[in-house]
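# Close look at the chain arrangement
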Amino acid sequence: MSKIEIKNVYKIFGNNPQSVMPMVKDGANKEEVLEQTGHTVGLDNVSLNIEEGETFVCMGLSGSGKSTLIRHLNRLIDPTDGEILVEGTNVMSFNKEQLIDFRRHKMSMVFQRFGLFPHKTVLQNVGYGLEMQGKPEDERDRTAMEKIEAVGLTGFENQFPNQLSGGMQQRVGLARALATDSDIMLMDEAFSALDPLIRSDMQKQLLDLQSELKKTIVFITHDLDESLRLGDHIGILNAGKLVQVGTPVDIIMNPADDYVKAFVKDVNRAKVIKAKVVMKKTEEANDIDKSNLIKVNEDQFIEEFLPQIVCSNSNCEVVDKSGNVKGYISNKELQTSLTKS
Amino acid sequence: MDIKKNKKLFFNIGLLVFFVWLLIISYSSSKRKPENVGELLNDFSWLQKWPKWLDLPLMKWINVGFKKLNETYGFIFEAINNFLLAMLMALKNFLILAPWPAVVLGVTVIAYFASGRKIRTTVFVGFCTFFIGFLHPIFWQKAIETTAIMLISIFLCLVFGMPVGILMSRAERIRNKILPVLDLMQTIPAFVYLIPGIMLFGLGAVPAIIATFIYAVPPLVRLTDLGIRLVDKEVIEAADAFGASKKQKLWGVQMPLALPNIMQGINQCTMMALSMVVIASMIGTRGLGDEVLLGLQQLNVGRAAEAGIAIVLLAIVLDRITQSYGETLQERRAPEKKKGK
């Protein structure tokens, strides 16, 4: 069973969403529906599974419905049709109290513009989720201090959010989400409002934290590089439709349609593709010139050994961790794998 | 769509029928109508000058209604009257019996804390308070009477106005119903609701309190509503996402963040209450207003001017206290970045 299952979810914004449902189910696209009925299609038959402990990145341009999708998971927005199962329970079946309880314990969220409480100190902000859980104040402060330390903000706990820089504010947001100790973390364009250096810093921090905590993270972004770096799986949304779901390599190597192709066109493939993806297996690699070989690990990214190959004009021998030869990459194949579109 | 159109049509037809019914009623109840309707068709002189029979007997209805109201529900109004009067008397007697230096000092201390320990504001307010009595010894007691009526009215405004504002911020439908009522309360000339006040409560302070309440409550309601709705949407979403209940959201997030706006509302409310209390001297309410009135009646420019200045001083004192409290609140909630950091 997947941690989160989204089954045929539709979301239509407008006065009378139900009346438009048959039309949308018949396959009318976003523009047609808007023109004929004045309703906006937010999500159009989205189904996907998110496994426990993985980082699922949901990607798309603005208006593609990605923020709408993430808000369905904790029901900040209710779907027009479809089911959302979290650990096998349909979140639509919750009544008010159950929903509040669910939000307090199962999920936490990080927001694009941080969503911090300006009238509370950093410490109070981080402890907010615990306050909602009804934890006593000393326990709240202790846990909050731990998380503040984990995101590297020790010494700032008594400041107010607007005394901090953007990057620091988002760290507070991250600490607040971590403090509740929920299994699932929703991150809505969490790093999009930060400048590139700080963004890359925060991505690294998230990866480090994730390698320890193994939470289920649903991450929304419009930045492909970010999604490739963070995601175990990536789902690409276009105009409310899920176009492709797959691992980063899948997306790069086999884009499902022109939209995804356009997306991945400018990506630095060398950063994403590992040696084992492009190698030819030993049995099939008889025609490769084996006189001039450089050994690379199968899990290395192309980027890491590319300069060496280019300078020495040699071929690669791909080995696994214990040194067994797994396959070969010829100079030419390397070239094509990096330029193929 | 069809049902909607029909509904509108029926509604319009209903309005037309109502209008015709009003015409018939006003014609038949008029004493100055021609002996039979046929005359109207022979003699068209009624088209030139507004005919005496085309007169809606609203005045009669209201008078009859008021009489009935007074007869059947008089005890309710009497209870309200006694309650308000008791409150007013307690407050007034307390302030009048207290030695005047103590009152001046008290106001100064309040100003000191409300302004966040600003010496300038405090001294200024202290001097203004002193000058009210200094202008004319009798003004001291009159100013206290005026202030007491105002404070009771403002208390009523807070008790009734804030909950209404909160309700309005929650539901569009309620807001759409209440907004026109607020407009009405502000546009009906103040004198007009002094009269029903007198009819129900008799001459004196209580109708003044009621009229002041009606006149001064709209800005508080509006600014409470506005303040709550202006709270950053993402901050509200954050509270929701962490499982805040409606009550926790209101008192923990919305109200604290709306407080600067609400304080502005209380400030507006205070100023309008003062102007109304002055007007209320026309119906025999004692206070600074009746000094102005006396000055006018005796053609004593000096006396009227002195009283006018006293009113201005009182306004300054009240404005400084409420205004600076709002400002200090805002500073505390949103402290500026520390300089040189």
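So, how was this worked out
Residues numbered from 1 in each chain as written. Chains lettered and ligands numbered in written order. Predicted model: local features only at pLDDT ≥ 70, side-chain atom pairs only at ≥ 80, totals over all residues. Core = buried A, V, L, I, M, F, W, Y, C linked by C-beta atoms within 7 Å. Buried ≥ 20, exposed ≤ 12 C-beta atoms within 10 Å, placed from the backbone. Helix = DSSP H or I, 4+ residues; strand = E, 2+ residues; numbered from the N terminus. Contact = placed C-beta atoms within 7 Å. Domains from an automatic or database assignment. Nonpolar A, V, L, I, M, F, W, Y, C, P; charged D, E, K, R; others polar. Pairing = 2+ DSSP bridges. Axes fitted to C-alpha atoms, helices over the stretch in contact; angles between N-to-C directions.

Okay, the nonpolar core next. Core analysis: the biggest nonpolar cluster contains 154 residues, and V218 of chain A together with L314 of chain B have the highest contact counts within it. If one sorts the elements of this core by residue count, helix α9 (residues 205-229) of chain B sits on top with 15 residues. V218 of chain A has contacts with I50, F56, C58, I70, L73, L186 and M187 of chain A, leaving out every residue within four places of it along the chain.

Examined at the domain level, chain A breaks down into domain 1 (4-106 + 182-267) and domain 2 (271-339). For domain 1 of chain A and domain 2 of chain A, the distance between their C-alpha centres works out to 35 Å.

At the interface, 20 residues of chain A touch 19 residues of chain B. Elements with a contribution of two residues or more to the side of chain A that touches chain B: α4 (96-105), β6 (107-110) and α6 (128-133) of chain A. Element by element, the count of residues in the side of chain A that touches chain B is highest for α4 of chain A, at four residues. Taken together, the residues of the side of chain A that touches chain B break down into nine nonpolar, seven polar and four charged.

Moving on, we get to the sheet that holds strand β13 (residues 315-319) of chain A. The strands that make up a sheet pair up through hydrogen bonds in the backbone, lying either parallel or antiparallel. Residues and elements named next belong to chain A. With mixed pairing, four strands are arranged side by side in an open sheet as β11-β14-β13-β12. Single-partner strands in this sheet number two, and they are β11 (280-281) and β12 (293-297). Where β11 lies against strand β14 (residues 325-329), two bridges are found, and the strand directions are antiparallel. By the bridge assignment for β14, K281 is matched with G327. Sitting on the sheet, helix α15 (residues 302-312) is in contact with β12 and β13, with an inclination near 175° to β12.

So, on to unusual backbone geometry. Residues and elements named next belong to chain A. With a phi close to 50°, E87 is a non-glycine residue in the positive phi region. Summarising the element assignment, E87 is placed in the loop between β4 (81-86) and β5 (89-90). With a phi close to 60°, D181 is a non-glycine residue in the positive phi region. Tracing the backbone through its elements, the reader meets D181 in the loop between α8 (166-179) and β7 (184-188).

Residues and elements named next belong to chain A. Inspection of the sheet shows strand β1 (residues 4-13) paired to β4 by five bridges, in the antiparallel sense. Note that in β4 the partner of K7 across the bridge is E83. Here β1 pairs with strand β2 (residues 40-50) via seven bridges, running antiparallel. When the sheet's bridge partners are listed, I6 is paired in β2 with L48.

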